[in-house]
Amino acid sequence: NAAAPHIKTGHTLTGLGITPSTAYTVMAWVSFASTAGDNMIFGQDGGVANGGNSLHHGTRNGQLHSGHWGDDIGPDQGQNFAPGSAWRHVAYTNDGAGGVQGLWLDGVNVASGAGGTGGAMDIAQQLFIGSSNNGGSLSGSIDEVKVFDSLLTADEIRAAAIIPEPASLALLALAGSGLLWRRRRAAI
């Protein structure tokens, strides 16, 4: 969706090592302003030739959804997000070898699935953050976007989903200085 707000990464999916047959992990912290329709966190730029499929990871009608070039999983696993929700950590994985995908919420694997892909797959397109060419623009805020060209372990994903607690001395110093520290920012 050319009119959608998004971040152009300047990197193609193949350049990042994200394809239907390679292992990868993408993750981010998100807070949704609206949960209606598609809210894609990761997606592709441009149209896909021959009526093919595109990468689109995010939520569909308030539930996690992995759109993996026609090999979609979700959104029927019951992980509902409310509009104006608190920050949540989401991760999407693909094992590469068997085509097994994973949906992760706050460090917990909430769905896994595998299957074939359908149609043409254009992996030479640029990776978008906050939108996809299927028109699923993110309505909300996003932070700490990470892309890995490998399948992270469950422990690595859990560790990424933990918000570290500041030391009590640092809290006193911040409170005494009158500074306000915001953990999440960067609204799309």
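Presented here is an overview of the structure given in this document. Predicted model, so just to flag it, every value in this text is computed and none were measured.

Conventions we followed
- Residues numbered from 1 in each chain as written.
- Predicted model: local features only at pLDDT ≥ 70, side-chain atom pairs only at ≥ 80, totals over all residues.
- Heavy atoms only, no water.
- Pairing = 2+ DSSP bridges.
- Helix = DSSP H or I, 4+ residues; strand = E, 2+ residues; numbered from the N terminus.
- Axes fitted to C-alpha atoms, helices over the stretch in contact; angles between N-to-C directions.
- Buried < 20%, exposed > 50% of the residue type's maximum accessible area, 1.4 Å probe, protein only.

**Brief notes about the sheet that holds strand 8 (residues 108-113)**
Reading across the sheet, the 5 strands line up as 8-7-6-2-10 and stay open at both edges, with antiparallel pairing between neighbours. Two strands in the sheet have a free side with no partner beyond their single neighbour: strand 8 and strand 10 (140-148). The average angle at which neighbouring strand axes cross in this sheet is 15°, direction not considered. Sheet analysis places strand 2 (residues 24-32) next to strand 10, joined by 7 bridges and oriented antiparallel. Each residue of the ladder has a partner; that of threonine 25, found in strand 10, is phenylalanine 148.

**Quick look at the pairing of strand 5 (residues 63-68)**
Along strand 5, 6 of the 6 residues are buried, which leaves the element largely enclosed by surrounding structure. Side-chain alternation along strand 5 places Gln63, His65 and Gly67 on one buried face and Leu64, Ser66 and His68 on a second face that is also buried. Of the pairings in the sheet, the one linking strand 4 (residues 55-60) to strand 5 comprises 6 bridges and is antiparallel in character. The residue of strand 5 that forms the bridge with histidine 57 is serine 66. Connecting strand 4 to the next strand, strand 5, in antiparallel fashion are 2 residues, including asparagine 61 with a positive phi near 50°.

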